There are 2 protein chains.
Amino acid sequence: MSKQHAELMEQKGIKVSHQRLRILDYLEKNRVHPTADMILNDLKDEMPSLSKSTVYKTLNTFVEKGVLRELTIEENEIRYEYNLQDHGHFKCIECGKVFDFEYRFDVDDIKELKGFRIDDKNIYFKGLCRDCNSSKVM
Amino acid sequence: MSKQHAELMEQKGIKVSHQRLRILDYLEKNRVHPTADMILNDLKDEMPSLSKSTVYKTLNTFVEKGVLRELTIEENEIRYEYNLQDHGHFKCIECGKVFDFEYRFDVDDIKELKGFRIDDKNIYFKGLCRDCNSSKVM
DNA sequence: ATATGTGCAAACTGTTTGCAGCCGC
DNA sequence: GCGGCTGCAAACAGTTTGCACATAT
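Since this is a predicted model, take the numbers as computed values, not measurements. In every chain, residue numbers begin from 1 and rise along the written sequence. As they are written, the chains are lettered A onward and the ligands numbered 1 onward, keeping that order. The predicted nature of this model means local features are confined to residues of pLDDT at least 70 and side-chain atom pairs, given and counted, to a pLDDT of 80 or more, with totals for whole chains, interfaces and linings taken over all residues. To get the side-chain values, all heavy atoms of the structure are used, and hydrogens and water are removed first.

Participant: Would you explain the interface of chain A and chain B in this entry?
Facilitator: Accessible area lost during the coming together of the parts is what is often quoted as the interface size. Any pair of residues with heavy atoms lying within 4.5 Å of one another is described as a contacting pair. Contact with chain A, which involves 39 residues of that partner, is made by 40 residues of chain B. Buried area: the sum, over both parts, of the accessible surface (1.4 Å probe) that disappears when the two are put together. Here chain A meets chain B over a buried area of about 3,500 Å², counting both sides, of which 57% is carbon and sulfur. Each reported salt bridge corresponds to a side-chain nitrogen of Lys or Arg within 4 Å of a carboxyl oxygen of Asp or Glu. Inspection of the region where chain A meets chain B yields zero salt bridges. Two N or O atoms count as a polar contact when they lie within 3.5 Å, although within protein this holds only if one can serve as hydrogen donor and the other as acceptor, and sequence-adjacent residues are included solely when both atoms are side-chain atoms. Remark: the boundary between chain A and chain B carries 16 residue pairs in polar contact (both at pLDDT 80 or more). Helix and strand assignments come from DSSP, with helices taken as H or I runs of at least 4 residues and strands as E runs of at least 2, each series counted from the N terminus. Of all the elements in the fold, those that place two or more residues in the side of chain A that touches chain B are strand 4 (98-101), strand 5 (117-128) and helix 5 (130-137) of chain A. Per-element tally for the side of chain A that touches chain B: the top contributor is strand 5 of chain A, with twelve residues.

Participant: Honestly, the protein's contact with DNA strand D in this entry has me stumped. Any pointers?
Facilitator: Surrounding DNA strand D, one finds 18 residues, the nearest of these being A:Ser17, A:Thr54, A:Lys57, B:Tyr56 and B:Ile78. Here, proximity means that at least one heavy atom of the residue falls within 4 Å of the molecule or strand. In DNA strand D, atoms within 4 Å of the protein come 70% from sugar and phosphate. A distance of 3.4 Å separates a phosphate oxygen of DNA strand D from a polar backbone atom of A:Ser51. Elements supplying a minimum of two residues to the surface near DNA strand D: helix 2 (18-29) and helix 4 (52-64) of chain A together with helix 4 (52-64) of chain B. A per-element tally of the surface near DNA strand D places helix 4 of chain B first, with five residues.

Participant: Would you explain helix 3 (residues 36-44) of chain A in this entry?
Facilitator: Since there are 3.6 residues in each turn of an α-helix, residues three or four apart along the chain are aligned in direction. Residue and element names in this part refer to chain A. Relative accessibility decides the category of a residue: with a 1.4 Å probe and only protein chains considered, values under 20% of the type maximum give buried, values over 50% give exposed, and everything between is partly exposed. Turning to helix 3, its buried residues number three or more, namely Ala36, Ile39, Leu40 and Leu43. Buried residues in helix 3, looked at end-on, bunch into an arc of 100 degrees, giving them a common side. The inward-facing, buried residues of helix 3 contact helix 2, helix 4 and strand 2 (79-81). Arc, as used here, means the arc of the directions from the helix axis to the C-beta atoms.

Participant: I'm lost on the nonpolar core in this one. Help?
Facilitator: A general trend in soluble globular proteins is that nonpolar side chains are found buried together. Of all hydrophobic cores here, the largest spans 28 residues; its most connected members are A:Phe105, A:Phe125, B:Phe105 and B:Phe125. Among the elements of the structure, strand 3 (88-92) and strand 5 of chain A together with strand 3 (88-92) and strand 5 (117-128) of chain B are those that each provide at least two residues to this core. Once residues lying within four places of it in the same chain are set aside, the contact partners of B:Phe125 are A:Phe105, A:Val107, A:Ile110, A:Leu113, A:Ile118, A:Asp120, A:Lys121, A:Asn122, B:His89, B:Phe90, B:Lys91 and B:Phe101. Here, the term nonpolar core denotes a set of buried Ala, Val, Leu, Ile, Met, Phe, Trp, Tyr and Cys residues that are joined through side-chain atoms within 4.5 Å.

Here you go:
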């Protein structure tokens with residue numbers, strides 16, 4: 001919903017613009033952890049003048065202001081997601097899809113990290129998703 | 001120890017060469033999860049003719065053959081480590097150091113991943129390490 | 001002699017930056 | 001009219017690639 005997103009931006013001190021709204025709407029709808037390039041390509045159909053630099057700058061702004069989260073799953077690309085809640089990711093090496101999962105991880109148990117301040121937790125697995133795994137077996 | 005590394009390479013079907021030995025020795029000694037660039041810079045003092053492409057090609061060979069592990073902590077660089085054992089990483093956003101830690105993570109508990117085949121687990125946190133954290137408090 | 005590892009430079013890719021022009025308040 | 005967002009093109013950085021030469025067996 002554009003209206004809620006406009007409010008969200010104002011709360012976070014981000015100037016509302018057409019491009020920014022569309023990018024945020026896109027990320028809310030397309031929860032596939034897209035890269036900047038995917039976002040650009042998809043939005044270009046409806047907004048032919050949209051530029052690469054606007055997409056990158058916008059995404060960086062959103063990440064800085066805590067509206068989006070950046071994911072490092074592959075080393076050569078940044079993926080973005082709307083879901084700010086703590087959760088893990090699973091990337092299927094066959095079909096390329098990225099799945100979310102919930103986890104419980106007791107950080108206090110880890111003796112090596114006593115006294116550390118943990119700001120950001122990142123957990124991702126790779127392998128075969130259910131569909132790709134079962135079609136492999138057959 | 002170069003000799004053990006030479007044997008290891010032979011076991012894994014990697015031809016032994018001077019450059020490859022030195023790079024592997026370096027990674028065994030310098031357990032700081034270096035990037036290709038750090039390795040190149042450090043080794044260039046003793047081996048001025050060593051080239052970027054040799055370092056990259058060698059590291060890729062080692063990763064393919066399972067001698068080294070690749071880490072994705074930052075999205076714009078690949079780090080390498082000699083330690084193949086399953087463990088987590090913590091990167092301090094202040095001093096930049098990367099710490100290892102052991103974890104227990106029961107994957108069978110995760111309902112979203114039932115039926116998935118998990119090949120690779122990757123866990124990394126960011127924040128302040130003990131030293132940087134305590135100097136912040138003061 | 002042959003196979004393959006090495007080193008140089010150029011190509012590639014995702015991301016960032018500088019700057020002129022445009023838009024909304 | 002002003003601030004700042006947008007879009008273009010160029011710059012950048014890490015990585016990969018093509019190719020000629022060097023090297024070891």
